[in-house]
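# Per-entry structural report
For reference, the chains in residue letters:
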Amino acid sequence: MPQPAPLTVRPPVPQPTPPPASQPAHHRRSRRRARLVTAIVAALGIGLFPVVKYGDVLPDTGTPMSFGGRPTAGVRADGPQARFLTADTLADGTKIGVTTFRGKKSGFSGKVWAWAPPEYYEERYRDSAFPVLIALPGSYGYPLNYWMRPKLGLESAVTDLAALGRGKPFILVMPQLNPEKRYHDGSDIPGRPKIGTWLADDVPDLVRATFRTFDTRDGWAFMGSSSGGFVALKQVLQHPDRFRAVIASGPDTRPDSPLWRGHEKERRANDPERLAAHLSARPDAPPVHLQFQIGTEERGRARLEQFIRRYAKGPISADLHVIQGGGHNAKSYVRGMRDASLEAISKVLRGPTPKD
């Protein structure tokens, strides 16, 4: 296997602290109640974090936040600027931020949630790049990306595996998947919003301008479940020069959006099976790793096994993790990622380097 390229850090663009955003009346009332509860808890001497559950309104929800990256030499001044607000706070104090972002290349405006692992804020990693995992949900992925919900455990799975030395401490990026409740197959369907460009170009540009990331593809991967798994798989096969690996959980392997009607040529150009056949026949292509997951309580295993037999050759390596008792749902897929899949892609991706 070729040695990874020398470490290159893509520092974040300095962002001014924005003024607090105005909140709807019911949000303001919820926050006042949350502050009152916090004060009562503090007065009684009860720890707050152990009893916080997803859905509770924390005192800082909706407030401006920063991911705390310190710019180093060569800061980009031309990256997209984003104003992140606190969407949630985890028990370890790390925060999930959310922004509404208009992509320069696609022209599409959508929401992006992001989270950085505890290591990102540590002094020993202050000058290091971190790997990025772009996580896509199933169903419509509109208006929310469900991976931003801490109760699903994706963030804690990343944290726990990194602490055990079994996984990389990924930056998680969770973009809106569709512009509406219609499937766009993560593609630039003629006459429709350019969702393919949004995911492959604009979202990574936003991440590079916000976080310390790697310039090379060895620090970039996709993850997705169900329809999001289809899109994640397609993006890596379409852009092996940009992304190194994918975790595709219970994915489709053929584009099936009704919006393709009348655009057969473009649909074929976004078919993962055709993309895989073309890529596997290119011995000089950059290698990619396809990590599939499927539960024993869902259909589709035979189709994924056939995909691997046909296309896992040349620059494509692939594996299938079977989740015992797993169904077609996020909870099962996180269990699979904890057991095997995050570790599998971590073996082919670059991690942060602490200071000596």
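Relevant structure appears above.
Model, not experiment: these values are computed from the prediction. Every residue gets a number counted from 1 within its own chain, in the order that chain's sequence is written. Note on the predicted model: pLDDT of at least 70 is required for a residue's local features to be given, and 80 or more for side-chain atom pairs to be given and counted; whole-chain, interface and lining totals, by contrast, use all residues. Heavy atoms from the whole structure form the basis of all side-chain values; hydrogens and water molecules are not counted.

### Overview of the overall build of the protein chain
To be explicit about the condition: Labels follow the DSSP assignment, with helices taken as runs of H or I lasting at least four residues and strands as runs of E lasting at least two, numbered in each case from the N terminus. Residue burial is assigned from relative accessible area. The probe radius is 1.4 Å, only protein chains are included, and a residue is buried under 20% of its type maximum, exposed over 50%, and partly exposed in between. Residues are treated as being in contact if the distance between any of their heavy atoms lies within 4.5 Å. Accessible surface area values rest on a Shrake-Rupley calculation with a 1.4 Å probe, where residue burial reflects the displayed protein chains alone.
A tally of regular secondary structure across the protein chain gives eight helices and eleven strands. Taken across its 356 residues, the protein chain has 52% of its residues classed as buried. Expressed as a percentage of contacts within the protein chain between residues at least 6 apart in sequence, the contacts between residues at least 24 apart total 74%. Accessible surface computed for the protein chain: about 16,200 Å², of which carbon and sulfur atoms make up 52%.

### A word on the sheet that holds strand 6 (residues 171–175)
The following threshold applies: Strand pairing is assigned whenever DSSP identifies at least 2 bridges connecting the two strands. Here, axes are lines fitted to C-alpha atoms. For helices the fit covers the stretch in contact, and angles between N-to-C directions go from 0 to 180 degrees.
A sheet is described by the order of its strands in space; here nine strands give the open sequence 2-3-4-6-5-8-9-10-11, paired in mixed fashion. A strand with exactly one partner marks an edge of an open sheet, and here the two such strands are strand 2 (85–89) and strand 11 (316–323). Shown here is a sheet whose adjacent strand axes are inclined to one another by a mean of 20°, direction ignored. Bridge count for strand 8 (residues 220–225) against strand 9 (residues 245–249) is five bridges, and the pairing is parallel. When the bridges of strand 9 are listed, Ala221 appears paired with Ala245. Sitting on the sheet, helix 4 (residues 227–238) is in contact with strand 5 (132–136), strand 8, strand 9, strand 10 (288–295) and strand 11, with an inclination near 155° to strand 8.

### Details of the packing of aromatic side chains
The following threshold applies: Between the rings of Phe, Tyr and Trp (Trp by its six-membered ring), a pair exists once the centres lie within 6.5 Å; its type follows the angle of the planes, with under 30 degrees stacked, over 60 edge-to-face, and the other angles tilted. Charge-over-ring placement is defined geometrically: NZ (Lys) or CZ (Arg) within 6 Å of the ring centre, and within 35 degrees of the ring normal.
Per the counting criterion, the structure on display carries 13 aromatic pairs. Residues Tyr120 and Tyr121 carry aromatic rings whose centres are separated by 5.7 Å and whose planes lie at 85° to one another, so their mutual orientation is edge-to-face. Seen from their ring centres, Tyr140 and Tyr183 are 4.7 Å apart, and the 25° between their planes marks the pair as stacked. Taken together, the residues span a long stretch of sequence, with Tyr140 in the loop between strand 5 and helix 2 (154–164) and Tyr183 in the loop between strand 6 and helix 3 (195–210) at a distance of 43 residues. Across from the ring centre of Tyr120, 4.1 Å away, lies the NZ or CZ of Arg212, which sits over that ring.

### What about the nonpolar core?
What counts is decided by this rule: To qualify as a nonpolar core, a set must consist of buried Ala, Val, Leu, Ile, Met, Phe, Trp, Tyr and Cys residues joined through side-chain atoms within 4.5 Å.
In this structure, Leu237, Leu290 and Phe292 are the most contacted members of the largest nonpolar core, which totals 51 residues. The residues touching Phe292, leaving out its near neighbours within four places in the chain, are Leu233, Ala248, Pro251, Leu304, Phe307, Ile308, Ala318, Asp319, Leu320 and His321. The next biggest cluster of nonpolar side chains, apart from the first, holds 29 residues, and it includes Trp147, Ala157, Val158 and Leu172.

### Considering the pairing of strand 2
In terms of burial, strand 2 is largely enclosed, as five of its five residues are buried. Relative to strand 3 (residues 95–102), strand 2 runs antiparallel, the two sharing four bridges. Within strand 3, the position partnered with Asp88 by the bridge is Ile96. Linking two consecutive strands that pair antiparallel, namely strand 2 and strand 3, is a turn of five residues; a positive phi of about 95° is found at Gly93 within it.

### A short note on unusual backbone geometry
Phi is mostly negative for residues that are not glycine, and the peptide bonds are mostly trans. A cis amide bond, omega 0°, links Tyr142 with the succeeding residue Pro143. Of note, Pro143 is situated in the loop between strand 5 and helix 2. One non-glycine residue, Ser139, lies in positive phi territory at about 60°. Examined against the element boundaries, Ser139 turns out to sit in the loop between strand 5 and helix 2.

### Details of the pattern of salt bridges
The condition that has to hold: Salt bridge, as used here, is a side-chain nitrogen of Lys or Arg placed within 4 Å of a carboxyl oxygen of Asp or Glu.
Applying the stated criterion to the full structure yields 16 salt bridges. The residue Asp271 makes a salt bridge to Arg254 at a minimum N-O spacing of 3.7 Å. In this pair, Asp271 is assigned in the loop between helix 5 (264–269) and helix 6 (272–280) and Arg254 in the loop between strand 9 and helix 5, connecting sequence segments 17 residues apart. With a relative accessible area of 4%, Asp271 lands in the buried category. Within the structure, one salt-bridge network assembled from shared partners comprises Lys105, Asp201, Asp205, Arg208 and Arg242.

### A word on helix 4
Short version of the rule: Multiplying one less than the number of residues by 1.5 Å gives the expected span of a helix.
In a regular helix each residue adds 1.5 Å, so twelve residues correspond to 16 Å; helix 4 covers 16 Å between its end C-alpha atoms and thus fits that length. Counted residue by residue, helix 4 has eleven buried out of twelve residues, so it is predominantly covered. Every buried residue of helix 4 is accounted for by Ser227, Gly228, Gly229, Phe230, Val231, Ala232, Leu233, Lys234, Gln235, Val236 and Leu237.

### Here's the deal with the packing of helix 4 against helix 6
Keep this limit in mind: In what follows, roughly perpendicular refers to angles from 65 to 115 degrees, roughly parallel to angles under 35, roughly antiparallel to angles over 145, and oblique to any angle outside these ranges. Helix crossings are classified by the rotation of the near helix relative to the far one: an anticlockwise turn of less than a right angle makes the crossing left-handed, while a clockwise turn makes it right-handed. Only Asp, Glu, Lys and Arg are considered charged in this grouping, and only Ala, Val, Leu, Ile, Met, Phe, Trp, Tyr, Cys and Pro are considered nonpolar; every other residue, Gly among them, is considered polar.
It is at 9 Å that the axes of helix 4 and helix 6 come closest, and there the two elements cross at 30°. On the basis of the axis angle, helix 4 is roughly parallel to helix 6. Between helix 4 and helix 6 the crossing geometry is left-handed. Across the interface between the two elements, Phe230, Leu233, Lys234, Leu237 and Gln238 from helix 4 touch Pro272, Leu275, Ala276 and Leu279 from helix 6. Looking at the contact of helix 4 with helix 6 residue by residue, the classes come out as seven nonpolar, one polar and one charged.

### Some thoughts on the packing of helix 2 against helix 8 (residues 330–346)
One way to put it is that helix 2 packs onto helix 8 with a least axis distance of 10 Å and a crossing angle of 25°. Here helix 2 is positioned roughly parallel relative to helix 8, judged by the angle of their axes. Considering how the two elements wind past one another, helix 2 and helix 8 form a crossing that is right-handed. Across the interface between the two elements, Leu154, Ser156, Ala157, Val158, Asp160 and Leu161 from helix 2 touch Val334, Met337, Arg338 and Leu342 from helix 8. Split into classes, the residues belonging to the contact of helix 2 with helix 8 amount to seven nonpolar, one polar and two charged.

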